[in-house]
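Below, each chain spelled out in residue letters.
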Amino acid sequence: MAESEETHTKTLQSSFPAGRVKRIVKLDKEINKLNSDALFVISNATELFIKFLAEKSSEVVVEKKRKSIKLEHLRIAVKRHRPTADFLLDSLPKPPAAQISKEPVRSRKSNDSVPAGARGIDSFFQKCP
């Protein structure tokens, strides 16, 4: 009977840091406060979603007989799962078009792809001074 009590007292933790998840959720101006239970559910749902995408992408990699997951494999996995494709496909970077002219490739640091008034996700994860 002591063994069953030990399994019930086991605490659940998310793989993501709670503070960072809370900061990301609070980027939405409509959210003022975030309950710790809601934070836990959001963290676990995000973790499950990422695991799902990784599993589906790895299936595509195995089919293509490759060794590593690339953006094209993720895009194929998202297209195959209709509910995910409905909201995520537009957020994924566009596949690179074949470059006909030999222009120099721009570095990823340029903010040309970010709309006016918005900031890139990279700037959010940088340490504040």
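Let us look at the structure shown here. Quick caveat: nothing in here was measured; it's all calculated off a predicted structure.

## What to know about the side chain of Ser 43
Along the chain, Ser 43 falls in helix H3 (residues 36-63). Ser 43 has contacts with Ser 14, Phe 16 and Val 21, leaving out every residue within four places of it along the chain.

## So, unusual backbone geometry
In the Ramachandran plot, Lys 65 falls in the positive-phi region, its phi being about 60° despite a non-glycine side chain. Topologically, Lys 65 is positioned in the loop between H3 and helix H4 (71-80).

## Thoughts on the environment of Ala 85
Note on placement: Ala 85 falls in helix H5 (residues 82-88). On the basis of relative accessibility, which here comes to 8%, the residue Ala 85 falls in the buried class. Ignoring anything within four residues of it in the chain, the contact list for Ala 85 reads Val 78 and Lys 79.

## Looking at the packing of H3 against H4
Put simply, H3 and H4 touch, their axes get as near as 8 Å, and they point 110° apart. What the angle tells us is that H3 and H4 run roughly perpendicular. For the pair H3 and H4, the sense of crossing is right-handed. Where H3 approaches H4, its residues Leu 53, Lys 56, Ser 57, Val 60, Val 61 and Glu 63 are matched on the opposing element by His 73, Leu 74, Ile 76, Ala 77, Val 78 and Arg 80. Residues of the contact of H3 with H4, tallied by class, amount to seven nonpolar, two polar and three charged.

About the criteria used
Residues numbered from 1 in each chain as written. Predicted model: local features only at pLDDT ≥ 70, side-chain atom pairs only at ≥ 80, totals over all residues. Heavy atoms only, no water. Helix = DSSP H or I, 4+ residues; strand = E, 2+ residues; numbered from the N terminus. Contact = heavy atoms within 4.5 Å. Buried < 20%, exposed > 50% of the residue type's maximum accessible area, 1.4 Å probe, protein only. Axes fitted to C-alpha atoms, helices over the stretch in contact; angles between N-to-C directions. Parallel < 35°, antiparallel > 145°, perpendicular 65-115°, else oblique. Left-handed = near helix turned anticlockwise from the far one by under 90°. Nonpolar A, V, L, I, M, F, W, Y, C, P; charged D, E, K, R; others polar.

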